[in-house]
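Architecture at a glance
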Amino acid sequence: DIGSEWITFAIVTSAAASTGFVILHNIAALVRMALELASERVILDGQCEMLETLRLRNKVTQETIDAFRKMEQITYYKYVDKLQDELGRLENGEEEGKVAKSLEKLSDLISKGVEIYTSIETPKEIKNLFPPVEEQRALTDRSSQNLEDKGAGNIYNKNE
């Protein structure tokens, strides 16, 4: 074999045959341990490759998340700039950050279903969805009276 490495052991028998047996036993143990180590190294190399792959995936995922957050921040500040163009410039970057956070929270509320109605310049045909507190009390009194009136035809009425 060209390129292979050969180990040659020469065992000379002496008067004590047990010495040759001990040497063979020790060489066999050495070779067995080397084979076990080689198989463990193959497993460890595979695990190292898998770990490196996971690290790369995590790095790519983290970079993607960072890019998304940066893109989200740029989007918020784009709308802050539009708002400044419409309403006037803010004094410093801290106020811009507060406006961006306010826009973010307001857009989250709107996406969850919050509806906002203007109270200035509202047409007269639009009415309050919820009556004032005084009217609510009157409404509950009227409701209980209606319930009592309907109770006369109830099959569970004790008077019948």
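Nothing here was measured: the structure is a model prediction, and the numbers come from that model. (Residues numbered from 1 in each chain as written. Predicted model: local features only at pLDDT ≥ 70, side-chain atom pairs only at ≥ 80, totals over all residues. Heavy atoms only, no water.)

Before going further, it helps to spend a moment on the overall build of the protein chain. Each helix and strand in the protein chain was counted, giving three helices and zero strands. Tracing the protein chain from N to C terminus, the helices and strands come up as α-α-α. For the protein chain, the residues scored as buried account for 4% of the 160 residues in total. (Helix = DSSP H or I, 4+ residues; strand = E, 2+ residues; numbered from the N terminus. Buried < 20%, exposed > 50% of the residue type's maximum accessible area, 1.4 Å probe, protein only.)

When the charged atoms of two side chains lie near each other, side chains of opposite charge can form a pair. Tallying each qualifying case throughout the model produces four salt bridges. With a closest N to O distance of 3.8 Å, Arg 55 and Glu 52 form a salt bridge. A residue pair is termed a helical-turn pair when its members lie 3 or 4 positions apart in one helix, as Arg 55 and Glu 52 do in helix H1 (residues 17-87) at three residues. Judged by relative accessible area, Glu 52 falls into the partly exposed class, the value being 39%. Across the pair Lys 98 and Glu 94 runs a salt bridge whose closest N-O atoms are separated by 3.7 Å. Of this pair, Lys 98 and Glu 94 both sit in helix H2 (residues 93-111), separated by four residues, roughly a single helical turn. (Salt bridge = Lys/Arg side-chain N within 4 Å of Asp/Glu carboxyl O.)

All right, on to a nonpolar patch on the surface then. On the surface, Leu 106, Leu 109, Ile 110 and Val 114 cluster together into a nonpolar patch covering about 320 Å² of accessible area. Residue position: Ile 110 is located in helix H2. Exposure remark for Ile 110: the relative accessible area of 44% places this residue in the partly exposed category. (Patch = residues over 30% accessible without salt bridge, like charges linked within 9 Å, V, L, I, M, F, W, Y side chains within 5 Å. Areas by Shrake-Rupley, 256 points an atom, 1.4 Å probe, with all protein chains shown as cover.)

Within the element layout of this structure, Gln 84 appears in helix H1. With relative accessibility at 4%, the residue Gln 84 sits in the buried group. Residue contacts for Gln 84: discarding those within four places in its chain leaves Arg 89, Leu 90 and Glu 96. (Contact = heavy atoms within 4.5 Å.)

Here H2 is 19 residues long and its end C-alpha atoms lie 27 Å apart, about the 27 Å a rise of 1.5 Å per residue gives. Where H2 begins, the capping side chain belongs to Asn 92, and its oxygen is found 3.3 Å from the backbone nitrogen of Glu 94. Immediately beyond the C-terminal end of H2, within one or two residues, lies Gly 113, with a positive phi of roughly 115°. (Expected span 1.5 Å × (residues − 1). Polar contact = N/O pair within 3.5 Å; in protein donor to acceptor, adjacent residues only side chain to side chain.)

A residue-level look at the protein chain finds 59% of positions with pLDDT of 70 or above and a mean pLDDT of 75. The least confident element of the protein chain is helix H3 (residues 133-150), whose mean pLDDT is 56; the most confident is H1, at 88. (pLDDT = per-residue confidence, 0-100.)

Glancing now at the environment of Lys 78. Among the secondary structure elements, Lys 78 is positioned in helix H1. C-alpha separation for the pair Lys 78 and Ala 100, spaced 22 residues apart in sequence, amounts to 9.2 Å.

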